[in-house]
Amino acid sequence: MTHRIEPASSARAKCRGCGERIPAGELRFGECLPNPFADGETTQWFHLDCAAYKRPEPFLETLEARGEPLDGSERLASEARRGLAHRRLPRIDGAGRSPTGRAQCRSCRAAIAKGAWRIALVFYENSRFEPSGFVHAACGRAYFETADVLARIRRFSADLREEDLADLRSALGPQ
């Protein structure tokens, strides 16, 4: 099984990281895994940024083994290395305001108040991303062991406006 970086042949594939379609001709990362439903293997496709953020280890291996130069490879490799250094960073799946006060923070175990900023988490198990709760934005630094989380949140929360990002930045605390 070899993972690969190649241009998308069509626009049919959806990214496993963000759920958006990968446009035809855009470079994408393919992670080859054993097929759980039949003999052989299956390929899960990711945007390059999504792969660097959510699947850092296989992405970095593939990027380093690639013979051809790749635009932005230093930035992508840096993000993947950051994900390996801080094991909880690949769990980030966006951010938003809590619609209710029922969710509990996975870091401090306190309830997340209605309307408070929270960071959504996913775990990668059995070749799938499974929702796994939330952390207060203010608990982000302690939970992720770094304050550098905004680029990942922005990637997986495409609907956030600039005002939301500024508000979220202040909720995250000092950088």
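Quick note: structure is the one above.
Residues numbered from 1 in each chain as written. Predicted model: local features only at pLDDT ≥ 70, side-chain atom pairs only at ≥ 80, totals over all residues. Heavy atoms only, no water.

Participant: Explain the packing of aromatic side chains residue by residue, including any values.
Facilitator: Inspection of every chain in the model, using the stated rule, returns six aromatic pairs. Ring geometry for Phe 29 against Phe 46: centres 6.2 Å apart, planes inclined by 40°, an arrangement best described as tilted. Here Phe 46 lies in strand β3 (residues 41–47) and Phe 29 lies in strand β2 (residues 27–34), a separation of 17 residues in the sequence. Taken individually, Phe 29 and Phe 46 each receive the classification buried, so the pair is uniform in this respect. On the numbers, 6.1 Å between centres and 70° between planes, the contact of Tyr 53 with Phe 156 is edge-to-face. (Phe/Tyr/Trp six-rings, centres within 6.5 Å; stacked < 30°, edge-to-face > 60°. Helix = DSSP H or I, 4+ residues; strand = E, 2+ residues; numbered from the N terminus. Buried < 20%, exposed > 50% of the residue type's maximum accessible area, 1.4 Å probe, protein only.)

Participant: Outline the pattern of salt bridges, listing residues and values.
Facilitator: With the rule as written, the count across this model stands at 15 salt bridges. Its salt-bridge partner being Asp 167, residue Arg 97 comes within 2.2 Å of it at the nearest N-O pair. Of this pair, Arg 97 sits in strand β4 (residues 92–97) while Asp 167 is found in helix α6 (residues 162–172), placing the two residues 70 residues apart along the sequence. Residue classification places Arg 97 among the partly exposed positions, given a relative accessible area of 42%. We classify Asp 167 as partly exposed; its relative accessible area is 32%. Here the residues in one salt-bridge network are Glu 79, Arg 82, Asp 148 and Arg 152, joined through shared partners. (Salt bridge = Lys/Arg side-chain N within 4 Å of Asp/Glu carboxyl O.)

Participant: Any details on the side chain of Thr 146? Residues and values, ideally.
Facilitator: Counting through the fold element by element, Thr 146 comes out in the loop between α4 (140–144) and α5 (150–156). The residues touching Thr 146, leaving out its near neighbours within four places in the chain, are His 86, Leu 89, Gly 140 and Arg 141. (Contact = heavy atoms within 4.5 Å.)

Participant: Lay out the sheet that holds strand β5 (residues 117–125) with the relevant residues and their values.
Facilitator: Read from one edge to the other, the open sheet built from three strands follows the order β4-β5-β6, with strand pairing classed as antiparallel. Edge strands, defined here as strands with exactly one partner in the open sheet, are β4 and β6 (128–136). The mean angle between the axes of side-by-side strands here comes to 25°, regardless of whether they run parallel or antiparallel. Here β5 pairs with β6 via seven bridges, running antiparallel. Opposite Arg 118, over in β6, you have His 136 as the bridge partner. Strands β4 and β5 of the sheet are contacted by α6, whose axis makes an angle of about 85° with β5. (Pairing = 2+ DSSP bridges. Axes fitted to C-alpha atoms, helices over the stretch in contact; angles between N-to-C directions.)

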